[in-house]
Amino acid sequence: MHGNFNRGFLHPGGKQATEKLLSFLPQLGKESIVVEIGCGTGETAKLLLERFPYSYIGLDAAPAMLDKAKSALSPYSDRVSLIKCDLRVDLFPVPAESIDAIIAESVIAILAPQTIFRECYRVLKRGGILAWNDRLWGETVSPSDRLKINKECKRLLGFPAAPDDLPKADDWKNLMESCGFKILLAEKLLSSTHVARLHQGSVMPKRTKLVHLLVNLNLLRFWYYDRAIERKYRELWQKMENWIFVAKKG
Ligand SMILES: C[S@@+](CC[C@H](N)C(=O)[O-])C[C@H]1O[C@@H](n2cnc3c(N)ncnc32)[C@H](O)[C@@H]1O
């Protein structure tokens, strides 16, 4: 649905949080390769490719996202590969120890985090960097509220809001360490602009969106579920915490 609407920076904190994340990437050369997990419509990749000489591999499961990313990144096509894969079941389609840095925004928490961290560790070169941001449950959302929201998200959207068993940043740090990473940074984003601001960068006029919704009933269904969940749980949503993690393969 977000791909159809050409929405970018689909994570709390939007472009500002992306700028911060990219500031932790190493200054590497032309031969360096960066992978993005869940590349979406390619907005983060555009910033990355403007600034760094890296080659870029974007992974995503959604054809609509990859289509939009392909056109957004066409000026950089000689440095870009976009690969469709479902990271709930597929391994990263790159060789072991071949990647210099991995970035991920608002996606690891809806996948199987331990499997993803192990894959990151496998494909990164020694000293390679994993930088990611996501929304965590944090300290204030109760276990019963976590379960209630996740149950509804799974039923209506097909994935949880965030894992029930990893509510706190320390849980994530421990998990990354158990997969071999050395944590360089774990920072909670504090500014109110970092809280629950999604859907930045949408360039589609309202009327076009409406036409899309009316001709595609499946899209209409998900648009409705997405809004219904957001409205119903807005208060709890806002209690969730947004974090940036940077880790190094030791
Ligand atoms: C919340 S969006 C974030 C997109 C982008 N990183 C950004 O910040 O704008 C999550 C992205 O992960 C992709 N994604 C979700 N589940 C996936 C899966 N199982 N395998 C690969 N990509 C997935 C979605 O298609 C979407 O593009």
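First, a word on what this report is: a plain description of the structure on this page. (Residues numbered from 1 in each chain as written. Predicted model: local features only at pLDDT ≥ 70, side-chain atom pairs only at ≥ 80, totals over all residues. Heavy atoms only, no water.)

Concerning the environment of Pro75
Inference 1: Among the secondary structure elements, Pro75 is positioned in the loop between helix H3 (63-72) and strand S3 (80-84).
Inference 2: With a relative accessible area of 62%, Pro75 lands in the exposed category. (Helix = DSSP H or I, 4+ residues; strand = E, 2+ residues; numbered from the N terminus. Buried < 20%, exposed > 50% of the residue type's maximum accessible area, 1.4 Å probe, protein only.)

As for the side chain of Glu241
Inference 1: Along the chain, the position of Glu241 falls in strand S7 (residues 241-249).
Inference 2: Glu241 gets classed as buried once you look at its relative accessible area, which sits at 11%.
Inference 3: Among the polar contacts made by the side chain of Glu241, one reaches the side chain of Trp243 at a distance of 3.0 Å.
Inference 4: If we ignore the near neighbours within four places in the chain, the residues touching Glu241 are Asp134, Arg135, Leu136, Trp137, Gly138, Glu139 and Lys188. (Polar contact = N/O pair within 3.5 Å; in protein donor to acceptor, adjacent residues only side chain to side chain. Contact = heavy atoms within 4.5 Å.)

Some thoughts on the packing of aromatic side chains
Inference 1: In total, this model carries 9 aromatic pairs according to the counting rule given.
Inference 2: Between Phe117 and Trp132, the aromatic rings sit 5.6 Å apart at their centres with planes inclined by 50°, giving tilted as the arrangement. A residue pair is termed long-range when its members are at least 10 positions apart, and Phe117 in helix H4 (residues 113-123) and Trp132 in strand S5 (residues 124-136) qualify at 15 residues. Grouping residues by exposure puts Phe117 and Trp132 together as buried.
Inference 3: Both rings, one in Phe222 and one in Tyr225, keep their centres 6.1 Å apart while their planes meet at 90°; by these two values the pair is edge-to-face. Taken together, the residues span about one helical turn, with Phe222 and Tyr225 both in helix H8 (residues 217-232) at a distance of 3 residues.
Inference 4: Phe222 gets classed as partly exposed once you look at its relative accessible area, which sits at 27%. (Phe/Tyr/Trp six-rings, centres within 6.5 Å; stacked < 30°, edge-to-face > 60°.)

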